[in-house]
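# Structure assessment
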Amino acid sequence: HNESMAYPESFVAPMRAELTRLGVEELRTPADVDAAVNAPGTLMIVVNSICGCAAGKARPGVALALQHAIRPDRVATVFAGADLEATDRARSFFTGCAPSSPSIGLLRDGQFVWMLERRQIENQGPTQIAAMLTSAFDRFCVGEAVTSKPA
């Protein structure tokens, strides 16, 4: 994909809506990304894209995963090929991972902890993607309050 030129907004708007209607917050600028990353707690960033595996696999997988009891404190998205600078900024936090879209990264208190890369998404269905996400949520998104035992 040539991501140096942005896609027209009318083209990507329905693909954005698939996530925003789930309550996913859009990060449209590098400043938005920094603010999200710097907030305390867990943050999942979905690198959305126009490709078929985003439509048929990643976005439906995210939708399923967000029904899970344990979820990140914040769920946000950048759109590769549309919000170019925001996407580059988000990817700068995914240490050691090659840029790919769609992809999904998880940060905890600003630290990159987990990644689902395109190659792990394209050969799975939404249910498998949701299962990988929810197992990451169970690992990284449980706060102290949830794990303390009742007296």
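Thresholds applied
Residues numbered from 1 in each chain as written. Predicted model: local features only at pLDDT ≥ 70, side-chain atom pairs only at ≥ 80, totals over all residues. Heavy atoms only, no water. Helix = DSSP H or I, 4+ residues; strand = E, 2+ residues; numbered from the N terminus. Buried < 20%, exposed > 50% of the residue type's maximum accessible area, 1.4 Å probe, protein only. Contact = heavy atoms within 4.5 Å. Areas by Shrake-Rupley, 256 points an atom, 1.4 Å probe, with all protein chains shown as cover. Lys, Arg positive; Asp, Glu negative; His and termini not counted. Charge placed at Lys NZ, Arg CZ, Asp CG, Glu CD. Phe/Tyr/Trp six-rings, centres within 6.5 Å; stacked < 30°, edge-to-face > 60°. Arc of directions from axis to C-beta. Core = buried A, V, L, I, M, F, W, Y, C linked by side-chain atoms within 4.5 Å. Axes fitted to C-alpha atoms, helices over the stretch in contact; angles between N-to-C directions. Parallel < 35°, antiparallel > 145°, perpendicular 65-115°, else oblique. Nonpolar A, V, L, I, M, F, W, Y, C, P; charged D, E, K, R; others polar.

Okay, the overall build of the protein next. On a plain count of helices and strands, the protein comes out with seven helices and five strands. Mapped from its N terminus to its C terminus, the protein presents α and β elements in the order α-β-α-β-α-β-α-β-β-α-α-α. Projected onto the principal axes, the alpha-carbon positions of the protein cover approximately 55 × 30 × 30 Å. Counting over 151 residues, the protein shows a buried share of 44%. A separation of at least 24 residues holds for 73% of the contacts in the protein among residues at least 6 apart in sequence. When the accessible surface of the protein is summed, it comes to about 7,400 Å², and 54% of that surface belongs to carbon and sulfur atoms. Computed over 14 positive and 16 negative side-chain charges, the inter-centroid distance for the protein is 6 Å.

A separate point is the packing of aromatic side chains. Within the structure shown, the criterion is met by two aromatic pairs. For the pair Y7 and F11, a centre-to-centre distance of 6.0 Å together with 45° between the ring planes defines the contact as tilted. With 5.5 Å between their ring centres and 40° between their planes, F94 and F112 make a pair best called tilted. Taken together, the residues F94 in the loop between α4 (84-92) and β4 (103-108) and F112 in strand β5 (residues 111-116) connect sequence positions 18 residues apart. The class of F112 is partly exposed, set by a relative accessible area of 23%.

Because an α-helix completes one turn every 3.6 residues, residues spaced three or four positions apart along the sequence face the same direction. Those residues of helix α1 (residues 9-20) lying buried are V12, M15, R16 and L19. Summarising the axial view, the buried residues of α1 lie within an arc of 105°, below the 170-degree limit, and thus occupy one face. Of the surrounding elements, those touching the buried residues of α1 are β1 (25-26), β2 (42-48), α3 (52-65) and β3 (74-79).

Membership of the largest hydrophobic core comes to 21 residues, with the highest contact counts inside it found for M44, V62, I104, L106, W114, L116 and L133. In this structure, I104 is in contact with M44, I45, V46, V62, W114, M115, L116 and L133, ignoring residues within four places of it in sequence.

For the pair α1 and α3, the least separation of the axes is 9 Å and the interaxial angle reads 30°. Comparing their axes, α3 and α1 come out roughly parallel. Every residue of α3 that contacts α1 at M15, E18 and L19 is listed here: A55, R59 and V62. Looking at the contact of α1 with α3, its residues break down into four nonpolar, no polar and two charged.

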